[in-house]
Every structure is written in structure tokens, then in C-alpha cells.
Amino acid sequence: MTFTKKTPQIPPAIDREVLLRRMTNRIRQSLELQEILRATVAEIRAFLGTDRVMVYRFHPDSSGEVIAESIDEDRLPSLLGLNFPADDIPLEAREQFIKARQRSIVDVASQQIGLSPLDCSQTGEPLEKEDIRYRPVDPCHIEYLTAMGVLSSLVVPILYYDVRTHQAQPHLWGLLVSHHSSPKPISELELDAVQQVADQVSIAIGQSNLLSLARQQAQREATINRVATLLHAQPTIQLQTALEETVAVFQGAGGRIYIPTSEFHPEMESLAHDQVYTCGTQPNQTVDLCGGNMIEPSQKQGESPISCARCPTAAPRFIEQYPCWSSAVIGYPEVGKTTTRVRAIADIYQDPHDRILATAFQSTKIRGLLIIPLEYRQRFLGYLTIFRDEIDTETLWAGQFDPDRRQYYPRRSFQAWRELKKGQPRNWTAQEIELAEALGHHFAMAVQQYQLYQQVFHLNADLERQVQNRTAQLQKSLDSARILGHVLDQIRSTLDSKTILQTIVREVQNLLNTDRAVIYQFTKEWQGQVVVEAVKGESLSVLGFHGPEECFAENVAQLYKQGQIRAIDDVCKTNLSPCHVEFLQTIHVRANITVPIRMGEKLWGLLIVHQCNSPRVWQNYELDLLQRLADQAAIAIHQAELYQQTWIAAMQEQAKAQQLEKALDELQQTQAQLIQTEKMSSLGQLVAGVAHEINNPVNFIYGNLIHASQYTQDLLDLLKIYQEYYPDPHPAIQDKADEIELEFLTNDLPKLLASMKVGADRIRQLVLSLRNFSRLDQAERKPVDIHEGIESTLLILQHRLKPKNGHPGIETIKHYGHLPTVECYASQLNQVFMNLLSNAIDALEHRDRFRTPSQMEAEPSQITIQTQFIPKHTDDRPWVRIKIADNGPGMTADVISRIYDPFFTTKEPGKGTGLGLAISYQILVEKHEGVLKCMSEPGNGTEFCIEIPISRSQISN
């Protein structure tokens, strides 16, 4: 097949541009490579009009397979799915496909081959134009094509650029081949079109590979998440389930997790034995670790040792302890990535280091091992091992060939020949090794957590035993201290003596496990009664009992007064008086302890414990505890008495102080309100008086300006007529006209009167604003225009808002809504506007004193006023909302909480009274039933929100 300058007849249904457009659309519409390749061969065969077009893909071993094919009505036999050995395409040809992107066209009839490289084979640079060279074709090539039934062929290489490696060197992915059973010329345009389609296919291959990598990455992440969930997200570590999941992911036959003895605490029983978790098929042949046979471990979870047949007395061992196994992992060659610690053994029978180990797997189909050391923070924790069975491979070749003879002679037949290989190993891929490394990291973390948990558990158990031993020795002392602490807490928390005494007897009864604990208080010389008690179970209550007066000897009372304690182990074996013994037996007492409660030299009462059921030998610590509690009881009683006296006196003084404070507060508030009211009243009267006094002359001037303008215009008109009829005036008149600049005066006089009218209008507006602000004629609630009051206030404050002395001034931004008239006290509401706007101006001026001109220009000072109508408020009445905000320095939360307090101010001394906001709050809340809220943050300005109803409520009416 040769080049021809004559373009053959192209079918009208498809041409070069249509072919390229359709192939481009195919690639854009689908990322499935096989679908794109099927479309490619069909489109090119229709475009070229040849008998067969196919896509040939190279394998890693340089052999290849036809993966896509299009045939015209079975004119040539199908080669789809057939494999071709590497020797079918010479190495030199494959190199030219890569280096020069060389295309070849073979014409069997003329035995000529045309070679058309696109790049220079030496430099790799693109050629300026196609350089077509013709030479005789190799006879073997002619014989090869003839045996295939092909008389003309076209071969275009498909190169693939891996965008992940950022390398310019392409990879020979495959070939785009066209066969025809008869001679057929190929034009340059056709070759160029096929080349462009091959380039598009290369792009599609890159897209498909990226899609495959993305899917593999997503599947890898999902696998890691499933295993990590079993290892970390469950309440307990699921090593067995995680192992089974991992084995299934790698399509393995079995697996193991080996955890050696803990290095931290080998003396702990639960950590003193190696642990093995198994799943699926396990090695079961007996092999001597010393060189003979070894007894295979159990396949169940837990310990599964391998015993040495020659050394029956030796300790049980595991397959992971086998020297070849350990040496294979420590210092093993790197596989896949340079940083991996995973060893992938594709065939254990091919590695001489694993030959002895392989005997343990001879009775199984296990052929490959994936050994994953479990390491966490440079500490070895064990091994995770995956077993993989051998597989049977089947390859469909295009004709039978003898690989040993290396195909010195071309094949005579391409009939499909099936080659079956049994017991073949499966290579571990780089993606599988990367996944194994990631899963091994999660297994290592889980094992580390498990071992740490076991260590902490046993340390806690040992510590608990020590604590129990120490607790047994100190329990009584701790209980005593607890009771004393509790009583002290009661004394600190309350001054109620009865509550404290009740706590003492309850704690004593519980700690000493006695039947009864009481406190006996003397009410007269040596007599008294039981005031509090704690009784166990159904024991007799003696609360309120009086002691027998005749049985209480005075000498015993003197001993108690001196602080002596009396302990009786058995009342029947003591020297008590008969009546005293009889009284104790009456209340079921067999043994007791009596401790005096003294307050100075006074004997206040007794702390007594009773054992009712049997005699009891009292311990020294019990006597000591009761003595301490009696002392604390005395302190509590003394404090309670002092507190009672103090409380009565304090209550009397507090009542007087509250009355004085209330009167003082009322006086201060009244005084402040009177002062402020007087100030505002005086200011209002002054403003109203000034406005009234200015209004009369201004009205006189404003009213006469109209007549003055008319008279002036009449005189000017008369002068104009005079000049028309007497164009030549007397020299004296002409001199005077020149002296006064008559022409300029004639033009400027009307402008002067107009300026005077503007000034008079401005004065009238100021007078009107002053009158609106004072509102002396509207002391009662009347419907007013809120906007009119705001504008009047702004006009009065205009001198503080406008620029002056290099200061850019304060910008006022207004967002007025449509408001109805509001029934209010107009002058008081104007006072609120004046206070809020003045405070905003003060804050902005204070901040601007510390800012540079550039800062003030970048962020000018602003006051924003916004009004809004609220048709329905919380009380179902229509309200209005007025917001006055500035972009000043703002306030802290502490300042906001105090701004409505009378006399509180943040201004410098002499610049504020601290009454403005307090009075404003009173005017809005009390006088207008409204709300005044403040929102501010440091650095974010301040906003005051006023909300008042349009009319007063019926309740207030």
C-alpha cells in the first residue's frame, strides 16, 4: 500500500472533518475506554473503506492483544481477543514507534513499505514536513501478512503520556491497524485523519486512566474506612472481624495477625503469651524449625503455636518466629514504593530464602504472601499476613507458536490456540501494596491501643489492691476526718445550732454503728433534756427525755465540767448508782460514752452514744472522735448565739439603713430630674424667646425685601429709559457713573437683593427649627411628625456636624420610612433625640482626635438614622422604630449594663453629667410606654433603638 497524491473518492456520508468531530464528541460524551475504542475502529473503517480496523494493545511483557475490531462483512477473519507474542513486532519497530512516532504503510503486491515519521528519531523534535521514505519490505513481514490474508496494511502507533509523572517521554500503549484483503492506496489526508484520531484516542486513554485511578482511590479509601471502623469506631477492638474483612479485600485464601509478648509488662499474665488471630486457610504441614518437621498450629482464634518435632521440650513457637520469616522482614528488599515496609512474595517456591518456609504450605494452594510489619512510633508490634492461592491462567493466542525457538520463522496460521497454565502465582500490584501499608498502620494503632488498655487495666487493678489495703488501715481515721470535715462545713454554711447538732449525732451514729446518739442540754443547775438524737432501726427514741434529777450526782457533774469523758462498757458491771442503772435499763442502754460539751467554764450539755443490744468495748479513736465533735459542737453553739444577737441588731440597723437609702435615692433622683427639667425648661424658654425675638425683625426684613426688589427694579428700568433717550449725559453725571461703576452696580444689585432673600429664608428656617425643638406650646401629648423633630435636632447640631479646622466633619445618613403621626410629648422626645445624637457626636469626635487625616478619609465618621413603621407589635398595637447608630469606638458589655444609671458617664470630667441617658430612658419607658435598647461592641460602633407606640394604651388612659 503506497501513498498517492490523488485523493480517493470519499463516501459522502463521512469525510475527514466529520470523522474528527464525531470522534471528539465520542470522547467527550464517555469516559469508558472500551466504548470509545469500539467507536474508533468502526468510524475509521468506514472512513478508509478497508476490510478490517483493529486496536492492538501491548502487555507489560511486550506481547499484545486485539481489544477492539471492526470487520467489513467477514471479508477477513476476526482477531478480536487473540494475543500475539512480543516477537511478532521487532524491538526496532517498537522503538521507532516511540522515538519518531513512525507510521508504516505496507503494499504486499509491490513488496514496498512506506515509513512516515512525525518526529526526529535522534532529537525527538517534530519534523517540519512529512518525510516519506520507501524501501523494500522484509520478506518475513510479507509472508506474515500473506498468511493473515492481508495485501495492504496501515499501522499508526498510539502513544500515552502519563500526566501524573510530568515526563515528556511517551509510553507505547498500542497500535491502530487497518487491513485490506486487496491493494488499496492511502492518501496523505487519510493518513493525517487517522493520525489525528489516534491522538484523540491517546487523550481518551489518559482520561480513562485518570478515571480508573480515581475509582481505585475511592475504593481504597472505602476499604480503609471499613477496616478502620472495625478497629477504632467499635466499643471494643474487632481484630478478628477486621482480619476477615482485610483478607476478603485482597481476595486472599487466609490471613494471620501475630502479636508477640508485650515488651512493657511481660510479667502480666494476660500479656505474657504471644497471640495469633487466624482466618481462612492456614499452613498445616509439620516442619521442624531446626531443619526437620514442624507441627502446624490450630486454625482457631487465639494461641496457635508451632512446636519443634526434634525439640519436644522446647517452648511452643509460631510461624512468624521462624528465622527465615523474621530475616525476610528485617532488611527485605523494597517493593513498589521506596518507603514501603511491606514485603510482597508472589511465589514462595521461587525464593531460595523461603524454600524451607515453603514446606509448611505444600499441602495448600497458597502461593503468595503479603507480610505487613505492624509498627507504631518505631515500635514493633507484630505481623499482619495475607495468603493468596495459586491460579490457573488461560491465554488465547493467534496461532500456535514455540517460545523456545523465538519465532524465527513466521507462522503459517493464525487460528486461535488456547494455552492453559495451572498453578500460576499472582503478582502483588503496587496499589495492593500501598493499601496494605495503609491498613497495616490502622492495625498497628489498634494493637497499640489494645496493649495500652491492657497495661492500664492491670496497673489499675494493682493500684486498686494497694488502695484497698491502705484503705483498710486508714478507713477509720478517714471516717473520723470526714465527720469532722462535714461538721466544719455545716458550721461554715449555717449558724443554726440545731442543724449542726443533728448532723453531729447522725454522723456519730453511722460511723460508730451504735443504736443511739443524743445531745443532752442542761436547762437548770444539773438538769436538762435530750434536744437531738439519731436512732438506729426500731430502737427506742428518747428525744425530749429528762434525766432523773436525784440520780445525777454533783461530783460527776463537776468531772464533766472539768472536761472528763466517761465510757461504760457494760452498765451492769459499773459503780453507778442503782437508780441511774435502772434509768439506763429503762431506755435499753447496755453501754455508753458520755462527753461533756463545754463553753468556757460553763457546762452546756453532753454528747452521749448508747449501745442497746449488748455490752461494747469502746476504742480510743472513738473517744477521741467524740471529744473533737463535742468541741466543735461547743464552737457551733457559741457562734449561733453570737450570730443570733448580731442578727437581731443588724436587722434593726438594716431597716433604718434601707429607709435612709430609699429616701436618699428618691432625693437624688428627684434633684437630678428637677435640675435637668429646669435646664431643659430654661433652654426651651431661651430658645423660644430667641426665636420669637428674631422672628419679628426677620419677618419685617423678609416682607420688605419683596418691595425693595420691586422698587430697585423700577429705578433700574427708569435709568435704562433715561439712557436710551439721553445717550449723552452731562460730564458730571458721566463722571459719577464711572465712579460708582454704574454698569456693575446695575448688574449686581438684583443679585445682592436675591442673596439677602436667601439669608432671610435661612434665618426663618432656623427660627422655625428652634420653635419646633422647644415645643413650649405643646406640653401635652399631641400627634407630631417624628421626622420633623429629628430634622429640627439635626439643624441645631449642624455646627458640630459640618467640617471645621481640617476635620472632615460627620456624615449623616438617613433612611426614613413612611411614618404616621405619633401621639407623644414632642419636646421630651426631641430631648431624647438631642441626647442620643450628642453622645454619638461626642464618641466620634473623641475617636477622631487620635486618628490621622488618611484614616479619617479612609473611614469617615458617620451617623445613620433609620425609621420604620411596625404595624403590629407585641401588644398588637402599631409602633414606630427609630434607630440611631454611629461607627465609633463602641462600648464594652460592662459599660452597656450601666449606661442608664444616673450620674454614670464615661466622658471626661466637666463634659457630662451622666443624666442624659437616664432621663431619656425614663421619658421613653415611663412617659411613652416605649423601649430603649443599646447594641454595641468594642470597635464596631453603637446603635440605640427606640420603639414607641403610635398612641397610648387604654390602660394608661
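Residues numbered from 1 in each chain as written. Predicted model: local features only at pLDDT ≥ 70, side-chain atom pairs only at ≥ 80, totals over all residues. Heavy atoms only, no water.

1. Points about the overall build of the chain
- Of regular secondary structure, the chain possesses 21 helices and 29 strands.
- Out of the 957 residues belonging to the chain, those deemed buried represent 41%.
- Considering only residue pairs separated by 6 or more positions, the chain has 63% of its internal contacts joining residues 24 or more positions apart.
- When the accessible surface of the chain is summed, it comes to about 52900 Å², and 52% of that surface belongs to carbon and sulfur atoms. (Helix = DSSP H or I, 4+ residues; strand = E, 2+ residues; numbered from the N terminus. Buried < 20%, exposed > 50% of the residue type's maximum accessible area, 1.4 Å probe, protein only. Contact = heavy atoms within 4.5 Å. Areas by Shrake-Rupley, 256 points an atom, 1.4 Å probe, with all protein chains shown as cover.)

2. What about a nonpolar patch on the surface?
- A cluster of nonpolar side chains, Ile721, Tyr722, Tyr725, Tyr726 and Ile733, forms an exposed patch at the surface whose accessible area comes to about 570 Å².
- At three residues, helix 13 (residues 620-725) tops the list of elements feeding residues into the nonpolar patch.
- Within the secondary structure layout, Tyr722 lies in helix 13.
- Assessed through its relative accessible area of 34%, Tyr722 is described here as partly exposed. (Patch = residues over 30% accessible without salt bridge, like charges linked within 9 Å, V, L, I, M, F, W, Y side chains within 5 Å. Salt bridge = Lys/Arg side-chain N within 4 Å of Asp/Glu carboxyl O.)

3. Considerations on unusual backbone geometry
- Residues other than glycine seldom take positive phi values, yet Ser62 does so here, at roughly 75 degrees.
- With respect to the helices and strands, the residue Ser62 is situated in the loop between strand 2 (52-58) and strand 3 (64-71).
- Judged by relative accessible area, which is 25%, Ser62 ranks as partly exposed.
- The phi angle at Arg101 is positive, at roughly 45 degrees, despite the residue not being glycine.
- If you trace the backbone, Arg101 turns up in the loop between helix 3 (91-99) and strand 5 (103-107).

4. A look at the pairing of strand 15 (residues 379-389)
- Judged by how many residues are buried, strand 15 sits mostly within the fold: nine of eleven residues are covered.
- Pairing between strand 11 (residues 254-259) and strand 15: five bridges, direction antiparallel. In the sheet register, Gly255 faces strand 15, and the bridge partner there is Ile386.
- Where strand 14 (residues 366-376) and strand 15 come together, ten bridges link them in antiparallel fashion. Residue pairing across strands places Leu374 opposite Gly382, the latter belonging to strand 15.
- Hairpin connection, strand 14 to strand 15: the antiparallel pair is bridged by two residues, and Arg377 has positive phi, about 55 degrees. (Pairing = 2+ DSSP bridges.)

5. Remarks on the pattern of salt bridges
- Under the defined criterion, the tally for this structure stands at 24 salt bridges.
- For Arg75, the salt bridge goes to Asp51, with nearest N and O atoms at 2.7 Å. On the criterion of sequence distance, the pair formed by Arg75 in the loop between strand 3 and strand 4 (83-84) and Asp51 in the loop between helix 2 (33-48) and strand 2 is long-range, its members being 24 residues apart.
- Judged by its relative accessible area of 46%, Arg75 is partly exposed.
- Residue Arg881 is joined to Glu947 by a salt bridge in which the shortest nitrogen-to-oxygen separation is 2.8 Å. Here Arg881, found in strand 27 (residues 879-886), pairs with Glu947, found in strand 29 (residues 942-949); they are 66 residues apart in sequence, far enough to count as distant. The two residues Arg881 and Glu947 agree in class, both being buried.
- Within the structure, one salt-bridge network assembled from shared partners comprises Arg847, Asp848, Arg851 and Glu859.

6. As for the sheet that holds strand 26 (residues 862-870)
- Spatially, 24-26-27-29-28 is the arrangement adopted by the five strands of the open sheet, whose pairing is mixed. The open sheet has two edge strands with one neighbour each: strand 24 (811-815) and strand 28 (931-936). Direction aside, the axes of adjacent strands within the sheet are offset by 15 degrees on average.
- Together, strand 24, strand 26 and strand 27 form the strand contacts of helix 16 (residues 786-796), whose direction differs from that of strand 26 by roughly 170 degrees. (Axes fitted to C-alpha atoms, helices over the stretch in contact; angles between N-to-C directions.)

7. Points about the nonpolar core
- Core analysis: the largest hydrophobic core is formed by 40 residues, its most contacted members being Ile786, Phe833, Ile863, Ile882 and Ile946.
- Elements with a contribution of two residues or more to this core: helix 16, strand 25 (822-824), helix 18 (826-848), strand 26, strand 27, helix 21 (916-927), strand 28 and strand 29.
- The element contributing the most residues to this core is helix 18, with ten residues.
- Filtering out sequence-adjacent residues up to four positions away, Ile863 remains in contact with Leu801, Ile810, Glu811, Thr812, Ile813, Leu837, Ala840, Ile841, Leu844, Ile884 and Ala885.
- One finds Leu239, Leu374, Trp428 and Leu435 within the second-largest nonpolar core, a separate group that totals 33 residues. (Core = buried A, V, L, I, M, F, W, Y, C linked by side-chain atoms within 4.5 Å.)

8. Looking at the packing of helix 18 against helix 21
- The interhelical angle for the contact between helix 18 and helix 21, taken along N-to-C directions, is 145 degrees, at an axis separation of 9 Å. Taken as a pair, helix 18 and helix 21 cross one another with a handedness that is left-handed. Residues Gln828, Leu829, Gln831, Val832, Asn835, Leu836 and Asn839 of helix 18 touch helix 21, and the partners they reach there are Gly916, Leu917, Ile919, Ser920, Ile923, Leu924 and Lys927.
- Per-class residue counts for the contact of helix 18 with helix 21 are seven nonpolar, six polar and one charged. (Left-handed = near helix turned anticlockwise from the far one by under 90°. Nonpolar A, V, L, I, M, F, W, Y, C, P; charged D, E, K, R; others polar.)

9. Focus on the sheet that holds strand 21 (residues 591-599)
- The strand order 19-18-22-21-20 describes an open sheet built from five strands, whose pairing is antiparallel. Both outer strands of the open sheet, strand 19 (528-535) and strand 20 (566-568), are each paired with one neighbouring strand and no more. Ignoring which end each strand starts from, the neighbouring axes of this sheet average 15 degrees apart.
- Two elements, strand 18 (residues 516-522) and strand 22 (residues 602-611), share six bridges in a ladder whose sense is antiparallel. When the sheet's bridge partners are listed, Gln521 is paired in strand 22 with Gly605.
- Most of the contacts of helix 10 (residues 497-512) go to strand 19, to which it runs at about 50 degrees, and overall it touches strand 18, strand 19 and strand 22.

10. Description of the packing of aromatic side chains
- Tallied over the entire structure, the rule returns eight aromatic pairs.
- Between Tyr56 and Phe58, the ring centres sit 5.3 Å apart and the planes meet at 90 degrees, which makes this aromatic pair edge-to-face. As far as the burial class goes, Tyr56 and Phe58 line up, both buried.
- Taken together, the aromatic side chains of Tyr56, Phe58 and Phe84 make up a single cluster linked through ring pairs. (Phe/Tyr/Trp six-rings, centres within 6.5 Å; stacked < 30°, edge-to-face > 60°.)

11. Quick word on helix 2
- With 16 residues, helix 2 should cover 22 Å at 1.5 Å per step; its first-to-last C-alpha distance of 22 Å lies within 8% of that length.
- For helix 2, the set of buried residues is Leu33, Ile36, Leu37, Ala39, Thr40, Val41, Glu43, Ile44, Arg45, Phe47 and Leu48.
- Backbone geometry just downstream of helix 2 places Gly49 in the positive-phi region, at approximately 70 degrees. (Expected span 1.5 Å × (residues − 1).)

12. Things to note about the confidence of the model for the chain
- Of all residues in the chain, 79% have pLDDT values of 70 or greater, and the mean over the chain is 78.
- Within the chain, the element-level pLDDT minimum falls on strand 1 (residues 3-4), averaging 36, and the maximum on strand 27, averaging 94. (pLDDT = per-residue confidence, 0-100.)

13. Some details on helix 10
- Along its 16 residues, helix 10 runs 22 Å from first to last C-alpha, staying within 8% of the 22 Å computed at 1.5 Å per residue.
- Within the sequence span of helix 10, burial applies to Ile500, Leu501, Thr503, Ile504, Val505, Glu507, Val508, Gln509, Leu511 and Leu512.
- Residue Asn513 follows helix 10 closely and has a positive phi angle near 55 degrees.

14. Re the packing of helix 2 against helix 5 (residues 188-233)
- Contact geometry of helix 2 with helix 5 gives a least axis separation of 10 Å together with a crossing angle of 175 degrees. Classified by the angle between their axes, helix 2 and helix 5 sit roughly antiparallel to one another. On helix 5, the residues touching Leu33, Ile36, Leu37, Thr40, Ile44, Phe47 and Leu48 of helix 2 are Glu190, Ala193, Val194, Val197, Val201, Ala204, Ile205 and Ser208.
- Of the residues belonging to the contact of helix 2 with helix 5, the class tally is twelve nonpolar, two polar and one charged. (Parallel < 35°, antiparallel > 145°, perpendicular 65-115°, else oblique.)

15. Here's the deal with the environment of Arg367
- Looking at the element boundaries, Arg367 is found in strand 14.
- Beyond its immediate stretch of four places on either side in the chain, Arg367 contacts Ile345, Ala346, Asp347, Ile348, Tyr349, Arg388, Asp389, Glu390, Gly423, Gln424 and Pro425.
- Within polar-contact distance, the side chain of Arg367 engages the side chain of Asp347 at 2.6 Å. (Polar contact = N/O pair within 3.5 Å; in protein donor to acceptor, adjacent residues only side chain to side chain.)

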